[in-house]
Amino acid sequence: QVQLVESGGGLVQAGGSLRLSCPASERTFSGYDMGWFRQAPGKERQFVAGMTWSNGNIHYADSVKGRFTISIDNAKNTVYLQMNSLKPEDTARYYCTAGRLTVPTMIVHRWGQGTQVTVSS
């Protein structure tokens, strides 16, 4: 079963950038769509971005379009989230996910443990 361990979170000023990484514990993603969710204190978990295994189709939440980029390195079994032009509203715990993309969200079969992203104003 795929296991996910996120890294790359931290503290950054508004306008800055971070790159989150999520290596999977398998040689391949084995047919899973991959994605990212986030959850801020007192808020529901929000879909951020997802990519399909079959054809690389990508979908982003409106709040991050033009700023965030999801990508996958199949050789390394790693999914990335490049976050640019960060805003304080992006502050949240970010979770790598494996499942099935069902726009505008995804069905999640496996959650990572999360990595904290904090954006100062």
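Each remark here, short or long, concerns the structure printed above.
For every chain, the first residue of the written sequence is number 1, and numbering continues from 1 along that sequence. Local features in a predicted model are, by the rule used here, given only for residues with pLDDT of at least 70; side-chain atom pairs are given and counted only at 80 or more, and totals for whole chains, interfaces and linings are based on all residues. Excluding hydrogens and water, the side-chain values take into account all heavy atoms of the structure.

Remarks on the overall build of the protein chain
Going by this rule: Secondary structure elements are taken from DSSP: a helix is a run of H or I of four residues or more, a strand is a run of E of two residues or more, and numbering for both begins at the N terminus. Only C-alpha atoms enter the radius of gyration; for comparison, a globular chain is expected to reach 2.2 Å times N to the power 0.38, where N is the number of residues. For each residue, the accessible area found with a 1.4 Å probe, counting protein chains only, is set against the maximum for its type, and the residue is called buried under 20%, exposed over 50%, and partly exposed in between. Any two residues whose heavy atoms approach within 4.5 Å at even a single point are treated as in contact. Only the protein chains shown count as cover for residues, and the accessible areas themselves come from Shrake-Rupley with a 1.4 Å probe.
On a plain count of helices and strands, the protein chain comes out with 0 helices and 10 strands. Each helix and strand of the protein chain, placed in order from N terminus to C terminus, yields the pattern β-β-β-β-β-β-β-β-β-β. Against the compact-globule benchmark of 14 Å for 121 residues, the protein chain has a radius of gyration of 13 Å, which places it among compact chains. On the principal axes, the C-alpha backbone points of the protein chain span a range of 40 × 25 × 25 Å. Per-residue burial for the protein chain yields a buried fraction of 44% across its 121 residues. Long-range pairs, those at least 24 residues apart, make up 56% of the contacts in the protein chain between residues at least 6 apart in sequence. On the protein chain, roughly 6100 Å² of surface is accessible, and the fraction owed to carbon and sulfur atoms is 47%.

Thoughts on the pattern of salt bridges
To be explicit about the condition: In the sections that follow, a salt bridge refers to a side-chain nitrogen of Lys or Arg positioned within 4 Å of a carboxyl oxygen of Asp or Glu.
Scanning all chains against the criterion turns up 3 salt bridges. Linking D90 and R38 is a salt bridge whose minimum nitrogen-to-oxygen distance equals 2.8 Å. One end of the pair, D90, is in the loop between β7 (78-83) and β8 (92-102); the other, R38, is in strand β3 (residues 33-39), with 52 residues separating them in the sequence. With relative accessibility at 5%, the residue R38 sits in the buried group. K65 serves as the salt-bridge partner of D62, at 3.0 Å between the closest nitrogen and oxygen. Overall, K65 belongs to the partly exposed group, its relative accessible area being 46%. One salt-bridge network, held together by shared partners, links R38, R67 and D90.

Focus on unusual backbone geometry
Residues V103 and P104 are joined by a peptide bond in cis, for which omega reads 15 degrees. Among the structural elements, P104 can be located in the loop between β8 and β9 (105-111). The phi dihedral of N77 is positive, around 50 degrees, even though this residue is not glycine. Assignment of secondary structure puts N77 in the loop between β6 (68-73) and β7. At S85, a position not held by glycine, the phi torsion is positive, near 50 degrees.

Describing the packing of aromatic side chains
Selection rule: Centres within 6.5 Å make a pair out of two Phe, Tyr or Trp rings, where for Trp the six-membered ring is used; the pair is then stacked when the planes are under 30 degrees apart, edge-to-face when over 60, and tilted otherwise.
Tallied over the entire structure, the rule returns 3 aromatic pairs. On the basis of an interplanar angle of 90 degrees and a centroid distance of 6.0 Å, the ring pair of Y95 and W111 is categorised as edge-to-face. In this pair, Y95 sits in strand β8 while W111 sits in strand β9, placing the two residues 16 residues apart along the sequence. Its relative accessible area of 34% is what places W111 among the partly exposed residues.

Description of the nonpolar core
For clarity, the threshold we go by: In plain words, nonpolar cores are sets of buried Ala, Val, Leu, Ile, Met, Phe, Trp, Tyr and Cys residues tied together by side-chain atoms within 4.5 Å.
The biggest cluster of nonpolar side chains holds 27 residues, and the ones touching the most others in it are W36, L81, M83 and Y94. Counting residues per element, the ones that place at least two in this core are β2 (18-23), β3, β4 (46-51), β6, β7, β8 and β10 (115-120). Leave out the neighbours within four places in its chain, and M83 touches G16, S17, L18, L20, R67, F68, Y94 and V117. In this structure, F37, F47, L101 and V108 belong to the second largest nonpolar core, which totals 5 residues.

As far as function goes, none of this settles anything; it's purely spatial.
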